[in-house]
Each structure stands twice: as C-alpha cells, then as structure tokens.
Amino acid sequence: MKHILLFLIILLILFILLLILLHFHRKKKRLIRKICHLSMHDKCHFLNEICEPLGYRYESWQDIFTSTTDAWQKYYGYGDIYDKLAPFGCMVFDSLPLYFDYGGKTWLIECWKGQYGINTGSEVGVYRADGIVPPEKRKTTMFAAVSEYEFLDMRSELIYRGRPVANVSAAHWWLTIFSMGHFSNPRDLTLNVSIRFPDVDMRNAFIDALLLAGCEPDSIGICFNTVLFTFAPRCHKVGFLKWLVLLKIRLFCCLYRFVTRPFSCTCDKLLYLYLYLPFAFRHMLRLKRFKHHRKEYRYGLPPEIK
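Residues numbered from 1 in each chain as written. Predicted model: local features only at pLDDT ≥ 70, side-chain atom pairs only at ≥ 80, totals over all residues. Heavy atoms only, no water.

Colleague: Can you tell me about the sheet that holds strand 7 (residues 152-160), naming the residues and giving the values?
Modeller: Read across the open sheet, the 5 strands follow the order 8-7-10-12-11; overall the sheet is antiparallel. The outermost strands of the open sheet, each flanked by one partner alone, are strand 8 (163-172) and strand 11 (221-223). Pairwise comparison of adjacent strand axes, ignoring direction, gives a mean angle of 15 degrees for this sheet. Here strand 7 pairs with strand 10 (residues 189-196) via 8 bridges, running antiparallel. Bridge pairing links I159 to T190 in strand 10. The strands touched by helix 4 (residues 200-212) within the sheet are strand 7, strand 10, strand 11 and strand 12 (226-231), with strand 12 carrying the most contacts at an inclination of about 15 degrees. (Pairing = 2+ DSSP bridges. Helix = DSSP H or I, 4+ residues; strand = E, 2+ residues; numbered from the N terminus. Axes fitted to C-alpha atoms, helices over the stretch in contact; angles between N-to-C directions. Contact = heavy atoms within 4.5 Å.)

Have a look at this one:
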C-alpha cells in the first residue's frame, strides 16, 4: 500500500511539473508571436525609453547601443583608476590614453576596445583638466568630460578579425559602440578612429601624443585638421583575474544567446526577456530599482502586448 501511495505522489508531482512546463511553453510561443507582429518603430521606442536614462540609445540599423551626449557618466569624469578597477565591473579591454597640453590645459583623449559584460564594444572619450598637469601626476588626476562647446567631431569603426562590427560618427565627448551578446577577446579587435580638431595647434599636440604612445608615423593620417589613426590589436598576456572574467563573460554570452535563440535582433531579444524573464532583463541592463518602477516602463509598450 505504501509503495502504491508513493508511486501516486510521484505521478502527481510529475503531472504538476508537466503542467508548469506546458504553461511556460505556451506563454513563450504567445510572446514570440506578439513580438514578431510589433513594428520596429514601437520596439525601438520602448527600448530607448528605458535605455536613454541609463546614458545609451539603440540604433536598429546596426543593432548596437551607443552613448547619448547627455549621458549621466559625463558628470563623473575619468581617471586611470577606472581602468584598473574595470575587471571588478566585469569589463576587460585594451586602453590607449593620450595626454597632451593645449590652451593652458592638459587634455586626455582615450580609446578603449574589448568586452563590457556581454557586449563587445569600443569607446573614444574626450576629457580635460582645469590647468596643466605634470606628466608624473596625470595617472592620479581625475579629468572632467568636456563641455558641449568643446565637443569634437569624431568617427570610430570597430572591427573584429577583419570584419566590421559597426561604425558611429558624431560631435561628442564619448563616442561608443556596444554590440550585445557577442564575445570578443580584446586582442581580436581593431578600432579605426578619426578626430577633427578646431585648429592646427591642437591637432599637432594630439599627433605628438600619438607618437609618444608608440603609434608608428606611417599609421597616422592627416587631412587638414582631421587626424586618422588605428588602435591595433595588442599581443600581451592576460592576467589570471582578466582571464577568469573573460571566461565568465563567455558563459553569460552563451546563456544569453541560448535563452533568446528565437530572435536574431537585440531589440527583439531584450523585449522578449522583459516580458518572459524580467529578472534577467533587470540584470542585463543593471536596473537595480527596475522592479519598483516596472509599471512606468510598461506604459511604453504597445497596448496589444501589455
């Protein structure tokens, strides 16, 4: 009798589990159909409604995220300490800091390329100090992001093993490319950059900084006040901490692609996570307080999918 009762209990548990799996399967299929029937305009509008307060916007034609000119990150400036702490924030990248003096101030134009969480990406940031900073103090100085009237016309193109990832251009202080769900070792990435300076003096000071950083003269192009250069792959050993972080990121990239495999576009993938696995969506965009404001974000969705 006891064996029969135990067998019936096991059957009941299996039946309940089957019902739960069937419920999630039907929910998944229903969401996939609804997302496929939404217009790209509605989906992008919803995604940007969430991302713009975080300092980013989504560009559907390249399927990337890029930074806005009024991003909140602007108010925290940049210093060498940020690069050192990056692995603890799940970021592994190569950096190229370029310091030069111009107009009675020390400027920092820095380039980055590498892995930012589950995003393959690049950055070009423009910062300056309030005065001249001696070379020995530059690594310990916090540089402020430039004001709007000091924005530089920039263009960057990120390349992975000879294949273009994306390119962006704008008058900006922080020009970025982030391609979600793709894993890249920083040494496999190349960043082509062009910057137009307001005058010859600033252009020449920047060229001197490039040469001082080890860039070959033949790799630097000049067209009037515009400087073109390549941040090439670097063959260096990755420390244990960075290797561990890259391994973790690779696993998360695989998990992200597996869960969102019904879709190929990042916009669709994130909308699917938002509706199907909201906790994963919050983790993706680091929305720590997202749970308390979820109703506000839902207003951005088309009525048929709420």
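Colleague: Report on helix 4, specifying residues and quantitative values.
Modeller: Each α-helix turn comprises 3.6 residues. Residues three or four places apart therefore point the same way. Here helix 4 spans 18 Å end to end across 13 residues, near enough to the 18 Å set by a 1.5 Å rise per residue. Those residues of helix 4 lying buried are M202, R203, A205, F206, I207, A209 and L210. The inward-facing, buried residues of helix 4 contact strand 3 (91-102), strand 4 (105-116), strand 7, strand 10, strand 11 and strand 12. If you check the start of helix 4, you find a side-chain oxygen 3.2 Å away from the backbone N of D201, and it comes from D199. (Expected span 1.5 Å × (residues − 1). Buried < 20%, exposed > 50% of the residue type's maximum accessible area, 1.4 Å probe, protein only. Polar contact = N/O pair within 3.5 Å; in protein donor to acceptor, adjacent residues only side chain to side chain.)

Colleague: Account for the state of the cysteines, naming residues and giving values.
Modeller: Under the defined criterion, the tally for this structure stands at 0 disulfides. Free cysteine C267: the closest other cysteine sulfur is in C44, separated by 4.3 Å. (Disulfide = S-S within 2.5 Å.)

Colleague: Tell me about the pattern of salt bridges, residues and numbers included.
Modeller: Where charged atoms from two side chains of opposite charge approach closely, those side chains can pair. This model, assessed by the stated rule, comprises 10 salt bridges. Between D130 and R128 there is a salt bridge; the shortest N-O distance is 3.8 Å. Relative accessible area serves as the criterion here: at 12%, R128 is assigned to the buried category. Between D188 and R161 there is a salt bridge, and its shortest N-O distance comes to 3.2 Å. A residue pair is termed long-range when its members are at least 10 positions apart, and D188 in the loop between strand 9 (174-180) and strand 10 and R161 in the loop between strand 7 and strand 8 qualify at 27 residues. Since its relative accessible area comes to 56%, R161 is described here as exposed. One network of salt bridges, with partners in common, ties together D80, K84 and K139. (Salt bridge = Lys/Arg side-chain N within 4 Å of Asp/Glu carboxyl O.)

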